[in-house]
Amino acid sequence: WWSDGKQWYQRRVRGDSQRANIIFAVMPLTTLCFKATDKPIVGEELVDHMLEFLTTDTVCYRAGPDDEKLQSLENSRWNPLTDWFSSNYHVHLAVTTDITLTPQPEQTLTSLRKHLLRQHPWTLPAYHHSTTSLKSLVIAMAMLDGGLSAEEAIACSCLESDYQIDRWGEVEWQHTLDKARLSADVAAAVLLVNEMRSLSGNQLQAWS
């Protein structure tokens, strides 16, 4: 899948390069690469911004008993994710049905901060981009660290909106377009991280 996707993306980039105007909105992989090279990456600032998402992370806030169907759907989809996350990073995630902000344990924040700051300067922007695109640090980290596929990450991120679409219908074209953009953004981030992790030794040092 990745091989086919990579070839498609490369063809798309080459096609876009023939046009008079470059539109970075449809070139997410190129945009990520530019973020890593055009200006210094301040790792602490990116990590601080990502950790802010954890305060309101969608998978940590579940529907209440007044919507049992949605609550059951969230638990069936998100519980395996949060269990994997807690086990993989050795942290505790506070999950609630309360609408008020529920802070995460300080030890959790500290552990995740250390993990993120250990990322390569080229992969850290991909973590940040995935977090903002998926609107969830938990989903983004699980996707980039082997706990979810890109398709599963998108499904987890869009669970509530998909539920509402099934219930009330969708805005014609808009939801399809939004998901297509999300898929492109997520695929670019996963591709970049996987490519960087395939390098070693002098190869990796050359990208630092």
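None of the values given here were measured: they were computed from a predicted structure.

The rules behind the values
Residues numbered from 1 in each chain as written. Predicted model: local features only at pLDDT ≥ 70, side-chain atom pairs only at ≥ 80, totals over all residues. Heavy atoms only, no water. Helix = DSSP H or I, 4+ residues; strand = E, 2+ residues; numbered from the N terminus. Buried < 20%, exposed > 50% of the residue type's maximum accessible area, 1.4 Å probe, protein only. Areas by Shrake-Rupley, 256 points an atom, 1.4 Å probe, with all protein chains shown as cover. Salt bridge = Lys/Arg side-chain N within 4 Å of Asp/Glu carboxyl O. Contact = heavy atoms within 4.5 Å. 1 Å grid on protein atoms, 1.4 Å probe; cavity = no way out; pocket = protein on both sides within 12 Å on 5 of 7 lines; lining within 4 Å. Points joined across faces, edges and corners; volume = space filled by probe spheres on them. Nonpolar A, V, L, I, M, F, W, Y, C, P; charged D, E, K, R; others polar. Axes fitted to C-alpha atoms, helices over the stretch in contact; angles between N-to-C directions. Parallel < 35°, antiparallel > 145°, perpendicular 65-115°, else oblique. Left-handed = near helix turned anticlockwise from the far one by under 90°.

1. Description of the overall build of the chain
Part 1: Scanning the chain for helices and strands turns up eleven helices and zero strands.
Part 2: Going residue by residue from the N terminus, the α and β elements of the chain occur as α-α-α-α-α-α-α-α-α-α-α.
Part 3: Evaluated residue by residue, the chain yields a buried proportion of 41% over its 208 residues.
Part 4: Of the roughly 12000 Å² of accessible surface on the chain, a fraction of 54% belongs to carbon and sulfur atoms.

2. Quick look at the pattern of salt bridges
Part 1: Tallied over the full model, the rule gives four salt bridges.
Part 2: Between Arg113 and Asp48 there is a salt bridge; the shortest N-O distance is 2.6 Å. Of this pair, Arg113 sits in helix α5 (residues 106-117) while Asp48 sits in helix α3 (residues 43-55), and the two are 65 residues apart along the sequence.
Part 3: Note on Arg113: relative accessible area 32%, which makes it partly exposed.
Part 4: Across the salt bridge formed by Asp145 and Arg197, the nearest N and O atoms sit 3.0 Å from each other. Of the two residues, Asp145 is situated in the loop between α7 (137-144) and α8 (150-157) and Arg197 in helix α10 (residues 174-197); the sequence distance between them amounts to 52 residues.
Part 5: Residue Arg197 is classed as partly exposed on the basis of its relative accessible area, which comes to 42%.

3. Remarks on the environment of Leu112
Part 1: Looking at the secondary structure, you find Leu112 in helix α5.
Part 2: Residue Leu112 is classed as buried on the basis of its relative accessible area of 0%.
Part 3: Here the alpha-carbon distance between Leu112 and Tyr89, two residues 23 residues apart in the chain, equals 7.4 Å.
Part 4: Among residues more than four places away in sequence, those in contact with Leu112 are Leu51, Leu54, Phe85, Tyr89, Leu137 and Met141.

4. Considering the layout of surface pockets
Part 1: Quantified by volume, the second largest pocket comes out at close to 390 Å³.
Part 2: As for the second largest pocket, its lining consists of 16 residues, of which Ser157, Cys158, Ser161, Asp178 and Leu182 are closest to the centre.
Part 3: Going through the elements one at a time, α6 (124-134), α9 (159-168) and α10 are the ones with two or more residues in the lining of the second largest pocket.
Part 4: No other element matches α10, which puts six residues into the lining of the second largest pocket.
Part 5: Taken together, the residues of the lining of the second largest pocket break down into four nonpolar, six polar and six charged.

5. Quick word on the environment of Phe53
Part 1: Locating Phe53 in the fold gives a position in helix α3.
Part 2: Residues Phe53 and Lys135, spaced 82 residues apart in sequence, show a C-alpha to C-alpha distance of 7.1 Å.
Part 3: Other than its neighbours up to four places away in sequence, Phe53 contacts Thr131, Thr132, Lys135, Ser136 and Leu137.

6. Some points on the packing of α3 against α6
Part 1: Close contact between α3 and α6 brings their axes to 10 Å; oriented N to C, the two are set at 25°. By the angle between their axes, α3 is roughly parallel relative to α6. Crossing of α3 over α6 shows left-handed handedness. Taken together, the residues of α6 that come into contact with α3 (itself represented by Gly43, Leu46, Val47, His49, Met50 and Phe53) are Leu124, Pro125, Tyr127, His128, Thr131 and Thr132.
Part 2: Partitioned by chemical class, the residues of the contact of α3 with α6 number seven nonpolar, five polar and no charged.

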